[in-house]
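# Report on the structure
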Amino acid sequence: QVQLVESGGGLVQAGGSLRLSCAASARIFSSYGMGWFRQAPGKEREFVAAISWNGDRTYYADSVKGRFTISRDNAKKSVYLQMNSLKPEDTAVYYCAVRYDTNWLPTGPYDAWGQGTQVTVSS
């Protein structure tokens with residue numbers, strides 16, 4: 001089974017930037033769709049961004065459009081989330097996810113998840 005490990009979270013001031021990374025342990029990474037989700041305390045998990053297997057299609061939640069950028073490097077078996085102009089409401093645990101099936105939809109479902117990385121944005 002593929003394992004996903006997120007990194008890059010931390011504490012940042014409003015208006016600052018962070019770059020999250022997700023490293024996958026998989027024999028074939030390039031065949032999989034990837035997504036980023038987040039969950040704030042007391043709230044449901046929400047979709048943030050997704051990217052197709054070859055990176056030619058990307059999708060974003062309305063709340064992050066123009067501020068976040070998803071990308072992937074299949075040679076490194078990694079997916080990234082560049083977060084700019086961060087706001088306090090971006091504070092959450094961020095998770096990356098993988099879809100194994102040949103059919104893939106940006107908002108889900110997904111088949112495996114990482115452990116999450118905490119992002120905290122101060123006012």
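As a reminder, the structure under discussion sits directly above these lines.
A brief report on the enclosed structure follows.

About the thresholds
- Position numbers for residues start from 1 in each chain and track the written sequence from start to end.
- Reporting in this predicted model follows two pLDDT cut-offs: at least 70 for local features of residues, and 80 or more for side-chain atom pairs to be given and counted; totals over whole chains, interfaces and linings ignore these cut-offs and use all residues.
- As a rule here, side-chain values come from all non-hydrogen atoms in the structure, and water together with hydrogens is ignored.
- Disulfide assignment relies on a single distance test, namely cysteine sulfur atoms paired within 2.5 Å.
- A run of H or I in DSSP counts as a helix once it spans at least four residues, and a run of E counts as a strand once it spans at least two, with each numbered from the N terminus.
- Residues belong to a common nonpolar core when they are buried Ala, Val, Leu, Ile, Met, Phe, Trp, Tyr or Cys residues joined through side-chain atoms within 4.5 Å.
- Only protein chains enter the accessibility calculation, which uses a 1.4 Å probe; a residue whose area is less than 20% of its type maximum is buried, one above 50% is exposed, and one in between is partly exposed.
- In this analysis, two residues are considered to be in contact whenever any of their non-hydrogen atoms come within 4.5 Å of each other.
- The pairing criterion for strands is at least two bridges between them, as found by DSSP.
- Each reported salt bridge corresponds to a side-chain nitrogen of Lys or Arg within 4 Å of a carboxyl oxygen of Asp or Glu.
- Only the stretch in contact is used when a helix axis is fitted, and all axes are lines through C-alpha atoms; the angle between N-to-C directions ranges over 0 to 180 degrees.
- Pairs of N or O atoms within 3.5 Å make up the polar contacts considered here, provided that, within protein, one atom can donate a hydrogen while the other can accept it, and that residues adjacent in sequence are counted only when both atoms are side-chain atoms.

### Quick notes on the state of the cysteines
Taken as a whole and assessed by the stated rule, the structure comprises 1 disulfide. Note on cysteine connectivity: Cys22 is disulfide-linked to Cys96, with sulfurs 1.9 Å apart. Torsion about the S-S bond of the Cys22 and Cys96 cystine: about 55°, corresponding to right-handed handedness. Here Cys96 lies in strand β9 (residues 92-99) and Cys22 lies in strand β3 (residues 18-25), a separation of 74 residues in the sequence.

### Some words on the nonpolar core
Trp36, Leu81, Met83 and Tyr94 are the most contacted members of the largest nonpolar core, which has 37 residues in total. Looking at this core, the elements that each hand over two or more residues are β3, β4 (33-39), β5 (46-51), β7 (68-73), β8 (78-83), β9 and β11 (117-122). Contacts of Tyr94, omitting those with residues within four sequence positions, involve Glu6, Leu20, Trp36, Phe37, Arg38, Val48, Phe68, Leu81, Met83, Gly116, Thr117 and Val119.

### Some points on the pairing of β11
Residue alternation in β11 divides its side chains into a buried set, Thr117, Val119 and Val121, and an unburied set, Gln118, Thr120 and Ser122. Relative to β11, strand β2 (residues 10-13) runs parallel, the two being bridged by 4 bridges. In the sheet register, Val12 faces β11, and the bridge partner there is Val121.

### So, the pattern of salt bridges
Under the definition given, this model contains 6 salt bridges. One salt bridge connects Arg99 with Asp111, and the closest N-O pair in it is separated by 3.0 Å. Of this pair, Arg99 sits in strand β9 while Asp111 is found in the loop between β9 and β10 (112-113), placing the two residues 12 residues apart along the sequence.

### Things to note about the sheet that holds strand β1 (residues 3-7)
Strand order in this open sheet of 4 strands is β1-β3-β8-β7, and the pairing throughout is antiparallel. Both outer strands of the open sheet, β1 and β7, are each paired with one neighbouring strand and no more. Averaged over all pairs of adjacent strands, the angle between their axes in this sheet comes to 15°, without regard to strand direction.

### Regarding the environment of Gly116
Tracing the chain through its elements places Gly116 in the loop between β10 and β11. The exposure class of Gly116 is buried, given its relative accessible area of 16%. Excluding residues within four positions of it along the chain, Gly116 makes contact with Glu6, Val93, Tyr94 and Tyr95.

### Focus: the side chain of Ser52
Note that Ser52 resides in the loop between β5 and β6 (58-60). At a separation of 2.7 Å, a polar atom in the side chain of Ser52 contacts the side chain of Asp56. Apart from residues no more than four positions distant in its own chain, Ser52 is found in contact with Arg57, Arg72 and Trp104.

### A look at the side chain of Thr117
With respect to the helices, strands and loops of the structure, Thr117 is situated in strand β11. From its side chain, Thr117 meets the backbone nitrogen of Gly9 in a polar contact 3.2 Å long. With sequence-adjacent residues up to four places away left out, Thr117 is seen in contact with Glu6, Ser7, Gly8, Gly9, Leu20, Ala92, Val93 and Tyr94.

### Focus: the environment of Met34
Counting through the fold element by element, Met34 comes out in strand β4. We classify Met34 as buried; its relative accessible area is 0%. Taking the C-alpha atoms as reference points, Met34 and Tyr80, separated by 46 residues in sequence, lie 9.9 Å from one another. With residues up to four places along the chain from it excluded, the contact list for Met34 reads Leu4, Cys22, Phe29, Ala50, Ile51, Ile70, Arg72, Val79, Ala97, Val98, Trp104 and Tyr110.

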